[in-house]
Amino acid sequence: MSYKIVVDSCGELPEKLKEDGHFQTVSLELFVDDYHVTDDEHFNQKEFLRKVKESPNCPKSACPSPEAFQEAYDCEADHVYAVTLSAQLSGSYNSAELGKNLYLEEKGEKKIHVFDSKSASIGETLIAMKIQEYEEAGCSFEEVVAKVDAYIAEQNTYFVLETLETLRKNGRLSNIKAFVASALNIKPVMGSTSEGSICQLSQARGMGKALDKMITTLLSRVKNPEQKILAISHCNCPERAQTILEKVKSLGKFKDVFVIDTAGISSMYANDGGVIMAV
């Protein structure tokens, strides 16, 4: 059976997947004051980060419309899957579901399933790759859905931010806590909950120690790493990501590891210097 995998633009696709005809990205929209940009192949990360840094206001985003998802589902593929940002963090999942309902009402029956990633960024990427793995293995539509749901349930996403400014601006962190953390150079190690929201796992003084804690936490929690792919995403800090890659390879044996730069919406939250890991 033919298949298609639709991913909202928070999921960064490596070049090989962008060139693979089975994948399509549906874009979010980003806003910083009067500045507006679509999170697509034309996204200019450096310009966007500069706008965010200069603005006293919180950057905002808008999820893809139901019609955008509906259009993506309108294809020749027998099986269509969508992967979205965590429903706890964005309206993208609900929009994808509404797009599915619109398609079915207008076009009739088609096997379409929307996955709530309960993650973001490369967490979505790994889920999309897992869908392809099972499709290429000859699994039925129902088997793919069940197996990918099981994968999502055990997936973990972690991140460390250079700056807490965006979290402060959007109200996720009080001004006092942000100031104290900044003054003491405290970097929180964050992660995703099983429901798909954000939690603080630990903290350390200085980026280097925080990154080491993130790596240690990930390695202590992952089961059968030799069977899994580890993804690392960074916001404008390739050297930092490369250092993490080398440490991970020296400490753990994964099936594969890859590094990618953050897309627009991930850049908004990771901010300049942020690093995300998912497995």
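Refer to the structure above for everything that follows.
(A) Layout of the overall build of the protein chain. When helices and strands are counted, the protein chain shows 11 helices and 13 strands. For a compact globule of 279 residues, the expected C-alpha radius of gyration is about 19 Å, and the protein chain comes in at 19 Å, within 12% of that figure. Over its C-alpha atoms, taken along the principal directions, the protein chain stretches across nearly 60 × 45 × 30 Å. Residue burial in the protein chain is summarised as follows: out of 279 residues, 53% are buried. Counting contacts in the protein chain only where the partners sit at least 6 residues apart, residues at least 24 apart contribute 74% of the total.

(B) Summary view of the nonpolar core. Ile-5, Tyr-81, Phe-115, Ile-131 and Val-148 are the most contacted members of the largest nonpolar core, which has 34 residues in total. At the level of secondary structure, the elements contributing two or more residues to this core comprise β1 (3-8), β6 (79-84), α5 (122-136), α6 (141-154), β12 (256-261) and β13 (275-278). Element by element, the count of residues in this core is highest for α5, at seven residues. Those residues in contact with Ile-131 that sit more than four places away from it in its chain are Ile-5, Tyr-81, Val-83, Phe-115, Val-144 and Val-148. Val-160, Val-189, Leu-211 and Val-222 belong to the second largest nonpolar core, which has 23 residues in total.

(C) Quick peek at the sheet that holds β1. The four strands are arranged β2-β1-β6-β7 in an open sheet whose pairing can be described as parallel. Taken across any chain shown, the strands that pair with only one partner, and hence form the sheet edges, are β2 (23-26) and β7 (111-116). Neighbour to neighbour, the strand axes of the sheet diverge by 20° on average, direction disregarded. In this fold helix α3 (residues 66-73) packs onto β1, β2, β6 and β7, with an angle of close to 160° to the strand it touches most, β1. Contacting β6 and β7, α6 runs over the sheet at an angle of about 0° to β7.

(D) Structural detail: the packing of aromatic side chains. Evaluated as defined, the whole model comprises four aromatic pairs. Consider the rings of Tyr-81 and Phe-141, whose centres lie 5.3 Å apart with planes at 20°: the pair is stacked. On the criterion of sequence distance, the pair formed by Tyr-81 in strand β6 and Phe-141 in helix α6 is long-range, its members being 60 residues apart. Residues Tyr-81 and Phe-141 agree in their burial class; the two are buried. Every member of this aromatic cluster is reached through a ring pair, and the members are Tyr-81, Phe-115 and Phe-141.

(E) Spotlight on the pairing of strand β10 (residues 198-205). As judged from the seven bridges shared by strand β9 (residues 186-192) and β10, these two strands associate in the antiparallel manner. Considered in β10, the bridge of Ser-192 is made with Ile-198.

(F) Fine view of α5. Here α5 contains 15 residues, and its C-alpha end-to-end distance of 21 Å stays within 8% of the 21 Å for a straight helix at 1.5 Å per residue. Positive backbone phi, at 90°, marks Gly-138, one or two positions downstream of α5.

(G) Main features of the side chain of Lys-187. Tracing the chain through its elements places Lys-187 in strand β9. Each residue touching Lys-187, except ones within four places of it in the same chain, is listed here: Val-160, Leu-161, Glu-162, Gln-203, Ala-204, Gly-206, Met-207 and Ala-210.

(H) Representation of α3. All buried positions along α3 are accounted for by Pro-66, Phe-69, Gln-70, Ala-72 and Tyr-73. Within α3, the buried residues cover an arc of 160° as seen down the axis, which keeps them to one side. Residues of α3 that are buried in the fold lie against β1, β2, β6, α4 (92-107) and β7.

(I) Molecular detail of the sheet that holds strand β5 (residues 60-62). With antiparallel pairing, three strands are arranged side by side in an open sheet as β4-β3-β5. Edge strands, defined here as strands with exactly one partner in the open sheet, are β4 (35-38) and β5. In this sheet, neighbouring strand axes are inclined to one another by 20° on average, regardless of whether the strands run parallel or antiparallel. Judged from the four bridges that link them, strand β3 (residues 29-32) and β4 form a sheet pairing that is antiparallel. By the bridge assignment, Phe-31 is partnered in β4 with His-36.

(J) Expanded view of the state of the cysteines. Within this structure, the stated rule accounts for zero disulfides. Not part of a disulfide, Cys-10 finds its nearest cysteine sulfur in Cys-235, a span of 12 Å. With no disulfide of its own, Cys-199 lies 17 Å from the sulfur of Cys-10, the closest cysteine sulfur. Residue classification places Cys-199 among the partly exposed residues on the basis of a relative accessible area of 23%.

Rules of the game
Residues numbered from 1 in each chain as written. Predicted model: local features only at pLDDT ≥ 70, side-chain atom pairs only at ≥ 80, totals over all residues. Heavy atoms only, no water. Helix = DSSP H or I, 4+ residues; strand = E, 2+ residues; numbered from the N terminus. Rg over C-alpha atoms; globule rule 2.2 N^0.38 Å. Buried < 20%, exposed > 50% of the residue type's maximum accessible area, 1.4 Å probe, protein only. Contact = heavy atoms within 4.5 Å. Core = buried A, V, L, I, M, F, W, Y, C linked by side-chain atoms within 4.5 Å. Pairing = 2+ DSSP bridges. Axes fitted to C-alpha atoms, helices over the stretch in contact; angles between N-to-C directions. Phe/Tyr/Trp six-rings, centres within 6.5 Å; stacked < 30°, edge-to-face > 60°. Expected span 1.5 Å × (residues − 1). Arc of directions from axis to C-beta. Disulfide = S-S within 2.5 Å.

Function cannot be read off these values alone, since they describe shape.
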